[in-house]
Amino acid sequence: MSAKQIITAFANSPDRGRGLARDMRVRWALEEAGEPYDVRLVSFAEMKEPAHLALHPFGQIPTYEEGDLALFESGAIVFHIAERHAGLLPRDAKARARAITWMFAAVNTVEPVIVDRSMIVLLERDKSWYAERLALAEGRVRVRLGELSARLGSADWLDGAFNAGDLMMVSVLQRLGGSGLIEEHPNLAAYVARGEARPAYKRAFAAQLAVFKAAT
Ligand code: GTB
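Residues numbered from 1 in each chain as written. Predicted model: local features only at pLDDT ≥ 70, side-chain atom pairs only at ≥ 80, totals over all residues. Heavy atoms only, no water.

### Overview of the packing of aromatic side chains
For step 1, the next point in the chain: Within this structure, the stated rule accounts for seven aromatic pairs.
For step 2, the next point in the chain: Put simply, the rings of Trp28, Trp157, Phe162, Tyr191, Tyr201 and Phe205 pair up and form one aromatic cluster.
For step 3, the next point in the chain: The residue whose ring lies beneath Arg194 is Trp157, and the NZ or CZ to ring-centre distance is 6.0 Å.
For step 4, the next point in the chain: Above the ring of Phe162, the side-chain terminus of Arg198 is found at 3.6 Å from the ring centroid. (Phe/Tyr/Trp six-rings, centres within 6.5 Å; stacked < 30°, edge-to-face > 60°. Lys NZ or Arg CZ within 6 Å of the ring centre and 35° of its normal.)

What follows is the structure, given as structure tokens:
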């Protein structure tokens, strides 16, 4: 890639530097690819202003700019980066298609139930229905985790060598940190830890943590 790559991230991330906002997966992919990038930090107010809305129709982070190309949606951004780097998507056509399938599974099948649970914990704690809703949501998460755990089995990664499918899946699972749900499946806990142990992950994590530290 010749043009400078610029992503956006929270100026003040509500996750307090835990690396749970979706810029983290883009940073991780760029680090795996060995690509330098700049970060433009945006406030919640700036995200809803015309300049940012021109990049992201829903007024969110992350966005990605590379010359005159502007992208939004973390999955699409990671896919764009991965397409250009053998380390993130296999060259073999069938293995590549399977890796892309896992990327979609992460954002389309696993992430929704996890986000649903997070939103209940975040927004409905004081409601009369909280315990009941949380139990239902956690039941749905448990179903997906059980299925994922069964498929992963004793393998290190979901389909052969580490690829963008694992990057997305590990990123999605991390949002369950502190819930105890991942730990119900030791192979999934080890899978997430394996992702977090990658040098590229550590560099990305340190970069987003530095933003939080600088803001506090
Ligand atoms: N589908 C989009 C994608 O994958 O890129 C979703 C993007 C998205 O939800 N962005 C969030 C955002 O910009 C930040 S990551 N929100 C502001 C808004 O909508 O106005 C979601 C997120 C936020 C906070 C935590 N946290 O505190 O732990 C975790 C994840």
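After that view, the rundown keeps rolling.
### A word on the site of the ligand
For step 1, the next point in the chain: Every one of the 15 residues lining the ligand counts as a neighbour, but Arg22, Lys48, Ile61, Glu73 and Ser74 are closest to it.
For step 2, the next point in the chain: One of the backbone nitrogen or oxygen atoms of Ile61 is found 2.8 Å away from a nitrogen atom of the ligand.
For step 3, the next point in the chain: At 2.8 Å, a side-chain N or O of Glu73 approaches a nitrogen atom of the ligand.
For step 4, the next point in the chain: Protein chains shield 79% of the accessible area of the ligand, which is 690 Å² for the free molecule.
For step 5, the next point in the chain: The residue inventory of the shell around the ligand, partitioned by class, reads eight nonpolar, two polar and five charged. (Near = heavy atom within 4 Å. Polar contact = N/O pair within 3.5 Å; in protein donor to acceptor, adjacent residues only side chain to side chain. Areas by Shrake-Rupley, 256 points an atom, 1.4 Å probe, with all protein chains shown as cover. Nonpolar A, V, L, I, M, F, W, Y, C, P; charged D, E, K, R; others polar.)

### Describing the pairing of strand β1 (residues 5-10)
For step 1, the next point in the chain: Of all the six residues making up β1, five are buried; the element is thus mostly covered by neighbouring parts of the structure.
For step 2, the next point in the chain: For β1 and strand β3 (residues 63-66), the ladder comprises three bridges, and the chain directions are antiparallel. The residue bridging Ile7 from the neighbouring strand is Tyr64, located in β3.
For step 3, the next point in the chain: Taken together, the five bridges between β1 and strand β2 (residues 38-42) define a ladder with parallel strand orientation. Considered in β2, the bridge of Ala9 is made with Leu41.
For step 4, the next point in the chain: One crossover worth recording links β1 to the parallel β2 by way of helix α1 (residues 23-33), and it is right-handed. (Buried < 20%, exposed > 50% of the residue type's maximum accessible area, 1.4 Å probe, protein only. Helix = DSSP H or I, 4+ residues; strand = E, 2+ residues; numbered from the N terminus. Pairing = 2+ DSSP bridges. Right-handed = clockwise from strand over helix to strand, strands pointing away.)

So, to be careful, I would describe these as geometric facts and stop short of saying anything about function.
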